[in-house]
Amino acid sequence: MSKQDRSGGSILQFAPFQSFVDEGFWHRLSSLKLNKLGIDDSPISITGFYAPCSHSQVSNHLALLSESLSSDESEQSSIPEISRGNRNRCAVPGIIYNTNTLEAYHALDKKSLLKEEAKKIWEDIHTGKAVEDSAVLSRFLLISFADLKKWSFHYWFAFPALTFDPPVTVVDLKPASQWFTSQEADSVSVACNEWRNSSLTADVPFFLVCIASNSHATIRHLKDWEACQGDGLKVLFGFYDPCHLPNNPGWPLRNFLALICSRWNLKTVHFLCYRENRGFADLGLSLVGEAVITIPQGRAVEIGLAISAADLNLKLMRWRALPSLNLDKLSSTKCLLLGAGTLGCQVARMLMAWGVRKITLLDNGRVAMSNPLRQSLYTLDNCLNGGDFKAMAAVKSLKQIFPAVEAEGVVMAIPMPGHPVSSQEEESMLEDCRRLHELVDSHDAVFLLTDTRESRWLPALLCANANKITITAALGFDSFLVMRHGPGPLNSTKTDDLNAEPGNALSADIDGLALADNGGKRLGCYFCNDVVAPTDSTANRTLDQQCTVTRPGVAPIASSLAAELFVDILHHPIGIFAEGEIANSTNCDSSDQPLGILPHQIRGSLHQFSQMTLVGHASNSCTACCSTVVTEYRKRGKEFLLQAINHPTYLEDLTGLTELMKSASSFNLDWDNEIDPDDDDDYLEL
């Protein structure tokens, strides 16, 4: 190690990964080449395996085995089942370029290919995939030429690495047994052995070591980082180290530090290079060190200036116009945006302008060529090669606009009534329901910005169940609706089936309020004026009916109003329990609230350049927020959701809408033919 760093540390140098290719791998590749691939030299996904160092004199290799390459092309992108939970085979994703000629092998642009793989690691870090599946940090590249006539193989391994400028320095690197107290060392050894012997975690190569004040150690997943903060816990970032050297950590630490720096913005990191002896933790062979990560001064200044400039307008607003503006509450409030299309992009931008710093975007679509002109977070580059996932591309764009934003993308579909699933798909659908349930619970406010009516039903139910601030924005061709949902019909947010808990202090505060504080009726949700349950609104529709066809100015107007309405709710003394106010000549300049009136619904029309405010109270027969539906969800959970999604009339029967429609039919009511319950202009239904 070279002498460097004012803190007395040295430049951190990593022992390179070593590779090993078993003969079985070449047999499998040869068979695949002869029987299936032929002259197709497209890149192929493969899997490498490694394990922690298990000998004081020998490092472990990244190995390619016969099962590293599936003979079934449909399985090439998946990790072989035989490797899952295998403590001696930690799976690492890789890619192989097998050329048809030796000339092509030598002609490959290795530098560009390596750069492309490094870019994938960086993207996995920024999208959060590297936290969920940390093995992607050790991604590798293999270039080969198989001369099957002579049975000889030419190959070249590469392990992409992200670089630091200036380099990372290390302070006080020493054997783990010397860094921990004897009690801590014993507890860490026990915890590591349990982690390595569990079929669920044995092959998870990156983890957290948490040590309590009583010296008790636990091993946690990387995604539990926030939960490990506080209570006097010492936290180390651990990884399976294949290297045996006493003064150098192994190669996997390099990209691990890039993840830690980018994800948690840490400048000093205590790390554990986990090594073993005869299958058990060896803290004499393992290392502990402190890495010091320095952000270039210019870049740090730029980020600081960006943060100051971002809040300048808001702070000036507090001087005279809005002295009660609560910037701390805005910056700490977690917002979940369901839909990352035209509305989602614009709402995210408006929230950032208001000082909101915690934004999650959920969408399962990809960016299409028609999107960038209307959806402000995307460019043409996001449309190429099939299109980036909208949620991930939007998050990347938000961070480029403002580096201090804590944005996260979630790629998933929202289960919808009227879109039944087969028995084989039920578990997957219920898992999506569970994930959405957890997302709603862990955020303070939810924006319903999807482009079909039925995709808003489950989120509306979950928000009513958890008493969350809920904003809906819906678009017509030249008109729009923006509304806030009222509070849920029940006070407690607990459900037995899906284990909902208040996710934060704001949620707990809302739970503490009683509806009686308002002294009036609950405000309605998006579905409260419906006389039918939501169903498939895209079936038997032409392209213009399936797409949200609107005048370009409608979405920005609705998005701005949605963000403004959210900020109004956040600053109102009783928040979502506030009565709906209607704009008129008597209150337009004399509202008691500094941000003005707090409406329930805002409807606007560009055709007439008009806007009005309305109030609608909650319906006892609402398919999304009435007490009958919420209670049934809490009692029956998964079974309730399956019935609601798979059986079109279930919600109508449950809430009494079926009987209501029968009664109405008996009077031969002449319904207006222009009002279609499934019309794409969603706001017309309220």
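(A) Representation of the overall build of the protein within the structure. When helices and strands are tallied, the protein shows 20 helices and 23 strands. Each of the 686 residues in the protein was classed as buried or not, and the buried ones make up 50%. Residue pairs in contact within the protein that sit at least 24 positions apart in sequence constitute 73% of those at least 6 positions apart. Here the protein has roughly 31,800 Å² of accessible surface; of this, 51% comes from carbon and sulfur atoms.

(B) Structural detail: the sheet that holds strand β20 (residues 469-475). Across the sheet, 8 strands lie side by side as β18-β17-β16-β19-β20-β21-β22-β23; this open sheet has mixed pairing. Strands with a single pairing partner mark the edges of an open sheet, and in this sheet they are β18 (406-410) and β23 (610-614). Between one strand and the next, the sheet's axes are offset by a mean angle of 15°, whatever the strand orientation. Strand direction decides the pairing type here: strand β17 (residues 358-362) and β18, joined by 5 bridges, are parallel. Following the sheet pairing, Ile-359 is matched in β18 by Ala-407.

(C) Representation of the sheet that holds strand β11 (residues 234-240). Ordered in space as β1-β8-β15-β12-β11-β9-β10, the 7 strands form an open sheet in which the pairing is mixed. The open sheet terminates on both sides in strands that have one partner only, identified here as β1 (10-11) and β10 (217-220). Where β11 lies against strand β12 (residues 268-274), 4 bridges are found, and the strand directions are parallel. Across the sheet, the residue bridging to Phe-237 is Phe-271, located in β12. Its contacts with the sheet place helix α6 (residues 182-197) against β9 (206-211), β10, β11 and β12, and it is angled at close to 35° to β10. Most of the contacts of helix α7 (residues 252-264) go to β11, to which it runs at about 140°, and overall it touches β9, β11, β12 and β15 (287-292).

(D) The arrangement of the pairing of β12 in detail. Buried residues dominate β12, accounting for 5 of its 7 residues. With α7 bridging β11 and the parallel β12, this β-α-β connection has right-handed handedness. Where β12 and β15 come together, 6 bridges link them in antiparallel fashion. Following the sheet pairing, Cys-273 is matched in β15 by Leu-287.

(E) Examining the packing of aromatic side chains more closely. According to the stated counting rule, one finds 24 aromatic pairs in the structure shown. Here Trp-26 and Phe-153 contribute two aromatic rings whose centre-to-centre distance is 4.6 Å and whose plane-to-plane angle is 15°, an arrangement assigned as stacked. Linking Trp-26 in helix α1 (residues 23-37) with Phe-153 in strand β7 (residues 152-158), this pair joins segments that are 127 residues apart in sequence. For Trp-26, a relative accessible area of 8% gives the class buried. Joined through ring pairs, the aromatic side chains of Phe-17, Phe-25, Trp-26, Tyr-50, Phe-140, Trp-151, Phe-153, Tyr-155, Phe-157 and Phe-159 make up one cluster. Between the NZ or CZ atom of Arg-89 and the centre of the ring of Phe-49, over which it lies, the distance is 5.9 Å.

(F) Up close: the side chain of Thr-623. Among the structural elements, Thr-623 can be located in the loop between β23 and α17 (627-636). Taking the relative accessible area as the measure of exposure, Thr-623 reaches 1% and is therefore buried.

(G) Quick peek at the nonpolar core. Residues Phe-25, Phe-237 and Phe-256 are the most contacted members of the largest nonpolar core, which totals 79 residues. Counting residues per element, this core draws most heavily on α7, which supplies 8 residues. Setting aside residues no more than four positions away along its own chain, Phe-256 makes contact with Leu-137, Phe-206, Phe-207, Leu-222, Phe-237, Gly-238 and Phe-239. Residues Ile-359, Leu-361, Ala-555 and Leu-565 belong to the second largest nonpolar core, which totals 56 residues.

(H) A look at a nonpolar patch on the surface. A contiguous nonpolar surface patch, about 380 Å² in accessible area, is contributed by Leu-312, Leu-316 and Trp-319. In this fold, Trp-319 is placed in helix α8 (residues 297-319).

(I) Layout of helix α11 (residues 390-401). Along its 12 residues, α11 runs 16 Å from first to last C-alpha, staying within 8% of the 16 Å computed at 1.5 Å per residue. Buried within α11 we find Lys-390, Ala-391, Ala-393, Ala-394, Val-395, Ser-397 and Leu-398.

(J) The arrangement of the pairing of strand β6 (residues 140-147) in detail. Counting buried residues along β6, 8 of its 8 residues qualify, which places the element largely inside the surrounding structure. Neither face of β6 is left uncovered, since the one carrying Phe-140, Leu-142, Ser-144 and Ala-146 and the one carrying Leu-141, Ile-143, Phe-145 and Asp-147 both have all their residues buried. Relative to β6, strand β5 (residues 90-99) is paired through 6 bridges, and the arrangement is parallel. Within the sheet, the bridge partner assigned to Thr-99 lies in β6 and is Phe-145. Two strands pair when backbone bridges link them, and β6 and β7 are joined in this way by 7 bridges, in the antiparallel orientation. Note on β7: the bridge partner recorded for Ala-146 is Phe-153.

(K) Spotlight on a negative patch on the surface. Side chains of Glu-116, Glu-123, Asp-381 and Asp-388 sit close together on the surface and give a patch of like negative charge. With respect to the helices and strands, the residue Glu-123 is situated in helix α3 (residues 110-127). For Glu-123, a relative accessible area of 34% gives the class partly exposed.

(L) Quick peek at unusual backbone geometry. Of note, the phi angle at Ser-215 is positive, near 75°, even though the residue is not glycine. Summarising the element assignment, Ser-215 is placed in the loop between β9 and β10. For Ser-215, a relative accessible area of 17% translates into the label buried. Even without a glycine there, the phi angle at Arg-278 is positive, about 55°. Relative to the helices and strands, Arg-278 resides in the loop between β13 (276-277) and β14 (280-281).

(M) Summary view of the packing of helix α13 (residues 457-466) against α17. Orientation of α13 relative to α17, taken along the N-to-C sense of each, is 85°, at an axis distance of 10 Å. The angle between the axes of α13 and α17 places the two elements in the roughly perpendicular class. Facing Leu-461, Leu-462, Ala-464 and Asn-465 of α13, the residues of α17 in contact are Val-629, Val-630, Tyr-633 and Arg-634. Among the residues making up the contact of α13 with α17, the classes are represented as 6 nonpolar, 1 polar and 1 charged.

(N) Here's a closer look at the state of the cysteines. Evaluation of the coordinates by the stated rule reveals 0 disulfides. No disulfide involves Cys-273; its sulfur sits 8.1 Å from the nearest other cysteine sulfur, which is in Cys-243. Using a relative accessible area of 0% as the deciding quantity, one classes Cys-273 as buried. Cys-625 takes part in no disulfide bond, and the closest cysteine sulfur, belonging to Cys-528, lies 3.5 Å away.

(O) Here's a closer look at the confidence of the model for the protein. Confidence in the prediction of the protein, expressed as mean pLDDT, is 84, and 83% of residues score 70 or more. Confidence, read as mean pLDDT per element, is least for helix α14 (residues 505-512) in the protein (45) and greatest for strand β19 (residues 445-448) (98). Note that pLDDT drops below 50 for residues 492-519; the model gives that stretch 64 contacts with residues more than four away or on any other chain. Throughout residues 669-686 the model reports pLDDT below 50, and contacts reaching past four residues in sequence, or to other chains, amount to 45 contacts.

Rules of the game
- Residues numbered from 1 in each chain as written.
- Predicted model: local features only at pLDDT ≥ 70, side-chain atom pairs only at ≥ 80, totals over all residues.
- Heavy atoms only, no water.
- Helix = DSSP H or I, 4+ residues; strand = E, 2+ residues; numbered from the N terminus.
- Buried < 20%, exposed > 50% of the residue type's maximum accessible area, 1.4 Å probe, protein only.
- Contact = heavy atoms within 4.5 Å.
- Areas by Shrake-Rupley, 256 points an atom, 1.4 Å probe, with all protein chains shown as cover.
- Pairing = 2+ DSSP bridges.
- Axes fitted to C-alpha atoms, helices over the stretch in contact; angles between N-to-C directions.
- Right-handed = clockwise from strand over helix to strand, strands pointing away.
- Phe/Tyr/Trp six-rings, centres within 6.5 Å; stacked < 30°, edge-to-face > 60°.
- Lys NZ or Arg CZ within 6 Å of the ring centre and 35° of its normal.
- Core = buried A, V, L, I, M, F, W, Y, C linked by side-chain atoms within 4.5 Å.
- Patch = residues over 30% accessible without salt bridge, like charges linked within 9 Å, V, L, I, M, F, W, Y side chains within 5 Å.
- Salt bridge = Lys/Arg side-chain N within 4 Å of Asp/Glu carboxyl O.
- Expected span 1.5 Å × (residues − 1).
- Lys, Arg positive; Asp, Glu negative; His and termini not counted.
- Charge placed at Lys NZ, Arg CZ, Asp CG, Glu CD.
- Parallel < 35°, antiparallel > 145°, perpendicular 65-115°, else oblique.
- Nonpolar A, V, L, I, M, F, W, Y, C, P; charged D, E, K, R; others polar.
- Disulfide = S-S within 2.5 Å.
- pLDDT = per-residue confidence, 0-100.

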